[in-house]
Amino acid sequence: MNKNLYFTIGSAPSDAADDALMINADLFLAMGPTTATTSKMYFLDRANTGAAETIITLTHAEGRNIDVIEDVCEAMAGEPRDGFIVIADPTGGEFCSPYITDAALTQL
Amino acid sequence: MRDNYLYFGIDAAATMAFDNHTTQTLQLTTGSFDSPVPTGTNFIANGGLKVSLTYHSNITFGTYYTQTAGEITVHPNALTYDGTDTITVATAAADTVYGITKSGTGANNDWDVTQLKPYVEGNGYVYNAKHLRGIAVAGSTTTAVNFKAKTGDAVTVDVMTVTHGSAKHKEFAQGLTDVIADDNKVSGMVVVVDDMRSLALPNDAASIASVAATLDT
């Protein structure tokens, strides 16, 4: 199944470059804590440089890193019919985990 | 095949001892606990760490506590975190159920703060099983598990070196691939080994003990 993960950064309206990203779930490499309130998702670079990563930084409730990681993995393991999986959409108020509050995108 | 994600808890739990402590407050430091110390007033309430102390008859305990020997875990309801570095333990007078009042004799008060959840970069990572490159013997009791590096570099890997029972390499590899291939019982994140929470693969036939990481940067 071809699955894609959707992210926004909370901009309203979400209409500027890099305000949102949909990335193929197969490009997901790893995820881990960064601080007590942030965790990073690492992807193979969307630009396919082979030398960098696309990083999504999720902001969440303090100390909930492992809970968020579990929730994100559960969401990515899901098999929605349209293959469209929202991980963090602060613009639309939709998150795969109740602990996530925001998202930031880097190295698109 | 369902998608699986493999978690490696790389760091052991941070701990900080407050022996012969004379106050009801415990101040975490980057040198003794971890760097950085956790932030956010809800860190303890969200299960991020625990506080325990060694029983002494001169310490006054709230009614919740019935243990009269050994190490006693302080109930989170008695703990307040300032969101920066300092934990305050409610006294038994202020909270007659969960509170604890230290002994008047400093030498009777030995507290410990222990990390329960990862929050520092490098504490642990979950890897996409699709990017597992290979598993190889690293030593008599170690197996190297290579993943495509999370940096995205095309020619490097992140290596999780798992320590297990002697000559149990095949058992470890079989256990890991059994998890990856299991469509019926496995979905989402699977803990391969977690040094912080002392967890290992389910049905572990390799006697997994610990993990160390070499990460591409």
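Remember, predicted model here, so these are calculated numbers, not experimental data.

Along chain A, the regular secondary structure elements total one helix and eight strands. Start at the N end of chain A and walk to the C end: the helices and strands fall as β-β-β-β-β-α-β-β-β. By the compact-globule yardstick of 13 Å for 108 residues, chain A fits well, its C-alpha radius of gyration being 13 Å. Along the three orthogonal principal directions, the C-alpha set of chain A runs to about 35 × 30 × 30 Å. By the burial criterion, 46% of the 108 residues in chain A qualify as buried. For chain A, long-range pairs separated by at least 24 residues make up 54% of all intrachain contacts whose partners lie at least 6 apart in sequence.

Our next topic: the overall build of chain B. Helix and strand content of chain B: one helix and 17 strands. Its C-alpha atoms give chain B principal-axis dimensions of roughly 60 × 35 × 35 Å. By the burial criterion, 38% of the 217 residues in chain B qualify as buried. Taking contacts inside chain B between residues at least 6 apart in sequence as the whole, the part at least 24 apart equals 67%.

Opposite the 30 residues of chain A that make contact, chain B presents 33 residues. Of all elements in the fold, only β3 (28–35), β4 (38–44) and α1 (65–77) of chain A reach the threshold of two or more residues within the side of chain A that touches chain B. Here the residues of the side of chain A that touches chain B are counted per class, giving 16 nonpolar, seven polar and seven charged. Summarising the sheet, β3(A) and strand β11 (residues 124–128) of chain B pair through two bridges and their orientation is antiparallel. Counterpart to A:M31 in the pairing with β11(B) is B:V126.

The next subject is α1(A). With 13 residues, α1(A) ought to run about 18 Å at 1.5 Å a step, and its terminal C-alpha atoms sit 18 Å apart, in line with that. Residues A:N65, A:I66, A:V68, A:I69, A:D71, A:V72, A:C73, A:A75 and A:M76 constitute the buried set of α1(A).

Time to look at the domain arrangement of chain B. Looking at chain B, the domain boundaries give domain 1 (4–10 + 122–214) and domain 2 (20–109). Just the C-alpha atoms count here: the centres of domain 1 of chain B and domain 2 of chain B sit 35 Å apart.

This part takes up the sheet that holds strand β7 (residues 94–95) of chain A. Residue and element names in this part refer to chain A. Ordered in space as β2-β1-β6-β7, the four strands form an open sheet in which the pairing is mixed. Two strands lie at the open edges of the sheet, namely β2 (20–24) and β7, each paired on one side alone. Judged from the four bridges that link them, strand β1 (residues 4–8) and strand β6 (residues 84–89) form a sheet pairing that is parallel. Within β6, the residue paired with Y6 across the bridge is V86.

What follows covers the nonpolar core. Of all hydrophobic cores here, the largest spans 56 residues; its most connected members are A:V72, B:L6, B:F8 and B:V126. Aside from chain neighbours lying at most four places away, what touches B:V126 is A:A30, A:M31, A:G32, A:I69, A:C73, B:Y5, B:L6, B:Y7 and B:M189. Among the nonpolar cores identified, the runner-up in size contains 27 residues, and B:L26, B:V74, B:V89 and B:V113 belong to it.

Turning our attention to helix α1 (residues 169–181) of chain B. The α-helix advances 3.6 residues per turn, and as a result positions three or four apart in sequence lie on the same side. Residues and elements named next belong to chain B. Between the first and last C-alpha of α1 there are 18 Å, a value that for 13 residues agrees with the 18 Å anticipated at 1.5 Å per step. Every buried residue belonging to α1 is among H169, F172, G175 and L176, and all of these are buried. Around the axis of α1, the buried residues are gathered within 135° of arc, so they sit on the same side. Next to the buried residues of α1 lie β12 (132–139), β13 (142–148), β14 (157–163) and β15 (188–194).

Quick notes on the rules
Residues numbered from 1 in each chain as written. Chains lettered and ligands numbered in written order. Predicted model: local features only at pLDDT ≥ 70, side-chain atom pairs only at ≥ 80, totals over all residues. Helix = DSSP H or I, 4+ residues; strand = E, 2+ residues; numbered from the N terminus. Rg over C-alpha atoms; globule rule 2.2 N^0.38 Å. Buried ≥ 20, exposed ≤ 12 C-beta atoms within 10 Å, placed from the backbone. Contact = placed C-beta atoms within 7 Å. Nonpolar A, V, L, I, M, F, W, Y, C, P; charged D, E, K, R; others polar. Pairing = 2+ DSSP bridges. Expected span 1.5 Å × (residues − 1). Domains from an automatic or database assignment. Core = buried A, V, L, I, M, F, W, Y, C linked by C-beta atoms within 7 Å. Arc of directions from axis to C-beta.

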